[in-house]
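Close look at the chain arrangement
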Protein chains: 2
Amino acid sequence: MEKHISYHDLMEMNKSERTNLVNSVGGFKSVCLIGTKDRQGMTNLAVFNSIVHIGASPPLIGFVVRPDSVVRHTLSNILETGCYTINHLNETIFKKGHQTSARYAKEISEFKAVGLTENYKDDFLAPYVKESNIQLGVKFKERKDISINGTILIIGQIDHLYFPNNCLCEDAFLDLEKANTITCSGLDSYHKTNRLDRLSYAKPDKELKSIS
Amino acid sequence: MEKHISYHDLMEMNKSERTNLVNSVGGFKSVCLIGTKDRQGMTNLAVFNSIVHIGASPPLIGFVVRPDSVVRHTLSNILETGCYTINHLNETIFKKGHQTSARYAKEISEFKAVGLTENYKDDFLAPYVKESNIQLGVKFKERKDISINGTILIIGQIDHLYFPNNCLCEDAFLDLEKANTITCSGLDSYHKTNRLDRLSYAKPDKELKSIS
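For every chain, the first residue of the written sequence is number 1, and numbering continues from 1 onward in sequence order. All chains are assigned letters beginning with A, and all ligands numbers beginning with 1, in the order in which they are written. pLDDT decides what is reported in this predicted model: residues at 70 or higher carry local features, side-chain atom pairs at 80 or more are listed and counted, and totals for whole chains, interfaces and linings draw on all residues regardless. Side-chain measures were taken over the full set of non-hydrogen atoms in the model, leaving aside hydrogen atoms and water.

This next bit is on the overall build of chain A. In DSSP terms, a helix is any run of H or I states spanning at least four residues, a strand is any run of E spanning at least two, and both are numbered starting from the N terminus. Within chain A, the regular secondary structure consists of 5 helices and 13 strands. Between the two quantities, the radius of gyration covers C-alpha atoms and the globule rule is 2.2 Å times the number of residues to the power 0.38. In terms of overall size, chain A behaves like a compact globule, its C-alpha atoms giving a radius of gyration of 19 Å where 212 residues would be expected to give roughly 17 Å. Projected onto the principal axes, the alpha-carbon positions of chain A cover approximately 60 × 50 × 30 Å. Within chain A, the fraction of its 212 residues that count as buried is 61%. Type-normalised accessible area, obtained with a 1.4 Å probe on protein chains alone, sets the label of each residue: buried when under 20%, exposed when over 50%, and partly exposed for intermediate values.

Attention now goes to the relation of the copies chain A and chain B. Mapping chain A onto chain B calls for a rotation angle of 180° and an axial translation of 0.0 Å; the resulting RMSD is 0.0 Å. This pairing of chains is accounted for by a two-fold axis. Relative to the rotation axis, the closest C-alpha in chain A is found at A:Thr193, a distance of 2.1 Å. Contacts are assigned to residue pairs with any non-hydrogen atoms lying within 4.5 Å of each other. Most of the interface of chain A is mirrored in chain B, where 100% of its interface residues again form contacts. For this overlay, a least-squares fit was computed on C-alpha atoms, restricted to residues scoring pLDDT of at least 70 in both copies.

On to the pattern of salt bridges. Only one rule defines a salt bridge in this text: a Lys or Arg side-chain nitrogen within 4 Å of an Asp or Glu carboxyl oxygen. Within the structure shown, the criterion is met by 20 salt bridges over all chains. In this structure, B:Lys95 and A:Asp197 form a salt bridge, with 3.9 Å as the shortest nitrogen-oxygen distance. One end of the pair, B:Lys95, is in helix α4 (residues 94-99); the other, A:Asp197, is in strand β13 (residues 189-198), on a second chain. On the accessibility criterion, B:Lys95 (44% relative accessible area) is partly exposed. Owing to a relative accessible area of 12%, A:Asp197 belongs among the buried residues under this scheme. Overlapping salt bridges bring together A:Asp171, A:Arg198 and B:Asp188 as one network.

Our next topic: helix α2 (residues 15-24) of chain B. Restricting attention to buried positions, one finds in α2(B) the residues B:Arg18, B:Asn20, B:Leu21, B:Val22, B:Asn23 and B:Ser24. Here α2(B) starts with a cap whose side-chain oxygen sits 3.2 Å from the backbone nitrogen of B:Ser16, and that cap is B:Asn14. Polar contacts, as counted here, are pairs of nitrogen or oxygen atoms within 3.5 Å of one another; within protein the pair requires one atom able to donate a hydrogen and one able to accept it, and residues that are adjacent in sequence qualify only if both atoms are side-chain atoms.

Attention now goes to the interface of chain A and chain B. When the parts of a complex come together, some accessible area is lost, and that lost area is often used as the size of the interface. In this assembly, 106 residues from chain A lie in contact with 106 residues from chain B. A combined buried area of about 9200 Å² lies between chain A and chain B, and 62% of that area is made up of carbon and sulfur atoms. Reported buried area values correspond to the accessible surface (1.4 Å probe) lost by two parts on association, with both partners' losses combined. The largest share of the area that chain A buries against chain B comes from A:Val25, A:Phe28 and A:Leu196, three residues that together contribute 8% of it. Counting across the chain A and chain B interface gives 6 salt bridges. At the surface where chain A touches chain B, the tally comes to 54 residue pairs in polar contact (both at pLDDT 80 or more). Of all the elements, strand β11 (residues 151-164) of chain A adds the most residues to the side of chain A that touches chain B, at 11 residues. Gly falls in the polar group here, along with every residue not listed as nonpolar (Ala, Val, Leu, Ile, Met, Phe, Trp, Tyr, Cys, Pro) or charged (Asp, Glu, Lys, Arg). Residues belonging to the side of chain A that touches chain B are distributed by class as follows: 47 nonpolar, 34 polar and 25 charged. Direction of pairing for β11(A) relative to strand β1 (residues 2-6) of chain B: antiparallel, over a ladder of 5 bridges. Each residue of the ladder has a partner; that of A:Pro164, found in β1(B), is B:Glu2. Pairing between strands is defined by DSSP: at least two bridges between them are needed.

This part takes up helix α3 (residues 72-81) of chain B. Those residues of α3(B) that sit buried are B:His73, B:Thr74, B:Leu75, B:Asn77 and B:Ile78. One or two residues past the end of α3(B) sits B:Gly82, with phi positive at roughly 75°.

A word on the state of the cysteines. Residues and elements named next belong to chain A. Disulfide: a pair of cysteine sulfur atoms within 2.5 Å of each other. According to the stated counting rule, one finds 0 disulfides over all chains in the structure shown. We note that Cys-169 lacks a disulfide partner, and the nearest cysteine sulfur, in Cys-167, lies 8.5 Å from it. Overall, Cys-169 belongs to the partly exposed group, its relative accessible area being 28%.

Turning our eyes to something else, we now look at the side chain of A:His73. Residue and element names in this part refer to chain A. Assignment of secondary structure puts His-73 in helix α3 (residues 72-81). A polar side-chain atom of His-73 sits 3.4 Å from a polar atom in the side chain of Asn-44. With near-sequence residues (within four places) excluded, His-73 lies in contact with Thr-36, Asn-44, Tyr-104 and Lys-106.

This brings us to the environment of A:Lys203. In this fold, A:Lys203 is placed in the segment after β13. Those residues in contact with A:Lys203 that sit more than four places away from it in its chain are B:Gln99 and B:Ala102.

As C-alpha cells, this is what we get:
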C-alpha cells in the first residue's frame, strides 16, 4: 500500500517526526567528518551528511550548514581560517563520528572527546582524521546564504586528496568500498554498501555495458 | 600505502580522469530521477546525484545542475512550470535510470526512450516515475547561482511524498532499504546497502545506544 503525505501533513507532524521523515526522503547520503581549527589552535570535528559535488574542474565540493546548530564552530572556524578537512566515515569509526554531533562546549575538542586522532600533513592548517581512509584538504571559496531557511552552502576547492593506493582504478574512479567508506540515511542510520554495477557512458542508441 | 594528490595534480590530469576522481571523493550519494514537463506537455526525465537536504521545517530539498549539460531540459522545465518530481532509484530500474543521462533530442521523452512509466497524482503537473517506490512532488522555491563554476543550486519545497506503507518506522524515519532505494558513487557506480546501525541522539556524557 502506498502512503501519501502532503506538505500540510508534514507541517502538522511533531518536530522530531518531521525531522526524521524529511531527512530520510532525500535518499542515501555521504557522511563525513569536517575538521577545523580556530586562530587560537583549538580544533573542532563535526559529522555532516549534506555534502554535495559542485564541479570537477576546478575541483569543488560543497556542504550545507545550519547556523543555529552544534556545527557553528565548524562554520566560524572555516570563515576565520579559510580551510577545513573532509574525512570519510568508515565502519570502524562511525559511532565516534556520530558522537561528534553532541553539543560539546567550545573549549572541548571533539577529537579528544570521542577518541579520534588529529593528523597534520603538507603544511595544511586544519586537522585530518587519522582513522579516516579518504581525506580531503579543502580551501574555502564561496558562501551562499539560503534566505528561505537561513542555512548556508559552503563551497571549497580541493587542495589535497589522500586515499589508499589500492582504491584508485585505472580510469581514476575511486573504489570507496575498498576504503571502507559508508553511507547514511536520515539523521542516524549508517549503512555499508555492495556494488551492483558500474555502467558505461550512456548514449541514445547504444546499449549500456558493465565497467569491470 | 597512502597516495597524495594535490590541486595541481588534479588540474594536470586529463578531463575524464579528473571527472571520475573528483566525482568519487565526496562519498556515496543519493541517486534520483527528476521528472518534469514543459508548457507544451513534453516530459523529461534525468538522473541526478547532487541531491542535498536543505531543511525539515519547511521541508526543503536541493540539487545542483550544470547549465551546460544534458540536464538543461530539467532546469528550463522547472523554471517554466515551477514543479518537478524526485524519484528514488532502486535495484530494478537503475540501468534505465542511468540511460536517461544520454543526450536525447528535446522532442524525445526519456520516459519512453528508456522504458519507464509516467505517473500523475493529486493534480500535480510533473510526472512521477511509476517504477520508483519513493516519490516526491516538489515546488520550486529558490535558485542560487554559483558564480565560481556556473552551476546552479535549485531549492524546492516538498509538497507531496509517496512511499510504501511498510517503510515508515514509528518515529517517522523512513527505511530506504525496505523501499529498495540504492546509492551511487562517482558518475556510474550503483550500490545496494546493508544497515550497520541506527544510533541514538548524541549527548556529551551519554553512551550511544542502538535504535532498533
